[in-house]
Amino acid sequence: GGLLVAAAAFAWRKLSLPALIQRPVQVALGMLVVQVVLGAVVSDQAGTNGNSWLSGVHLGLSLAILGSVVLSVVAAFYLQMAPSQPQRLNYHSSFGRFSLLSLGVYLLVLIGGAILSSSQAGAACSGWPLCDGMQLPATLAGWLNTGHRLLVLASGILLALLLVRAWRSQRSQTATSASPSRIGT
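The structure reproduced in this document is the subject of the present report. A quick note: this is a predicted structure, and the numbers were derived from the prediction, not measured.

Conventions and cut-offs
Residues numbered from 1 in each chain as written. Predicted model: local features only at pLDDT ≥ 70, side-chain atom pairs only at ≥ 80, totals over all residues. Heavy atoms only, no water. Helix = DSSP H or I, 4+ residues; strand = E, 2+ residues; numbered from the N terminus. Contact = heavy atoms within 4.5 Å. Areas by Shrake-Rupley, 256 points an atom, 1.4 Å probe, with all protein chains shown as cover. Phe/Tyr/Trp six-rings, centres within 6.5 Å; stacked < 30°, edge-to-face > 60°. Lys NZ or Arg CZ within 6 Å of the ring centre and 35° of its normal. Buried < 20%, exposed > 50% of the residue type's maximum accessible area, 1.4 Å probe, protein only. Polar contact = N/O pair within 3.5 Å; in protein donor to acceptor, adjacent residues only side chain to side chain.

1. Details of the overall build of the protein chain
Point 1. Summing up its helical and strand segments, the protein chain has six helices and zero strands in all.
Point 2. Reading the secondary structure of the protein chain in the N-to-C direction produces α-α-α-α-α-α.
Point 3. If you take every contact in the protein chain between residues at least 6 apart in sequence, the share linking residues at least 24 apart comes to 58%.
Point 4. When the accessible surface of the protein chain is split by element, carbon and sulfur atoms take 69% of a total near 12,000 Å².

Set out below in structure tokens:
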């Protein structure tokens, strides 16, 4: 939290920084305030069943904060290495759009897993791949668990395809080919 506040203060003092660097840090600082309040609510309700969706929102917000900070750092390095490039995000390539789709599905897996875990719905299906030996779950918790399993499967397939596409089309760009290669290993 302290590092984020320091980064936001630095970005605020250096008003000449590009918006692609400044805005994500400022948005992350705003989300951090909401995160602290939400964390207090979640910890107040610890042990009750009323906080399962709040835990998922709390996790999603923390991942959004991390993503905003990473975006700002990557933008700073990108703009330093290629100052003549446009100062905006550009997802015109099919690889960029596919990367965003994969990231979105993976984020849903993480948030859904947090919600399932905090609501104890994970115990509704003890068998794999079927839910307790039945082809269709009998309870709502079983359906949620099965849906999460299918989302995990889709996420795994998307990440494998992303790795293959990165290996084929982004090999000349060392910064992008190293990252997906490490995810896959």
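That shown, we press on.
2. A short note on the packing of aromatic side chains
Point 1. Using the criterion set out here, one finds zero aromatic pairs in the structure.
Point 2. Between arginine 165 and the ring centre of phenylalanine 98, over which it is positioned, the NZ or CZ distance is 4.9 Å.

3. Section: the environment of arginine 165
Point 1. Inspection of the secondary structure assignment puts arginine 165 in helix 5 (residues 140-169).
Point 2. A relative accessible area of 28% places arginine 165 in the partly exposed class.
Point 3. Sequence-wise, arginine 165 and phenylalanine 98 are 67 residues apart; in three dimensions their C-alpha atoms are separated by 9.3 Å.
Point 4. Residues in contact with arginine 165, not counting those within four places in the same chain, are Ser94, Phe95, Phe98 and Gln170.
Point 5. Within polar-contact distance, the side chain of arginine 165 engages the side chain of serine 94 at 2.8 Å.

4. Here's the deal with the side chain of histidine 148
Point 1. Position of histidine 148 relative to the elements: it lies in helix 5.
Point 2. If near-sequence neighbours (up to four positions away) are discounted, histidine 148 is found in contact with Val109, Gly112, Gly113 and Leu116.

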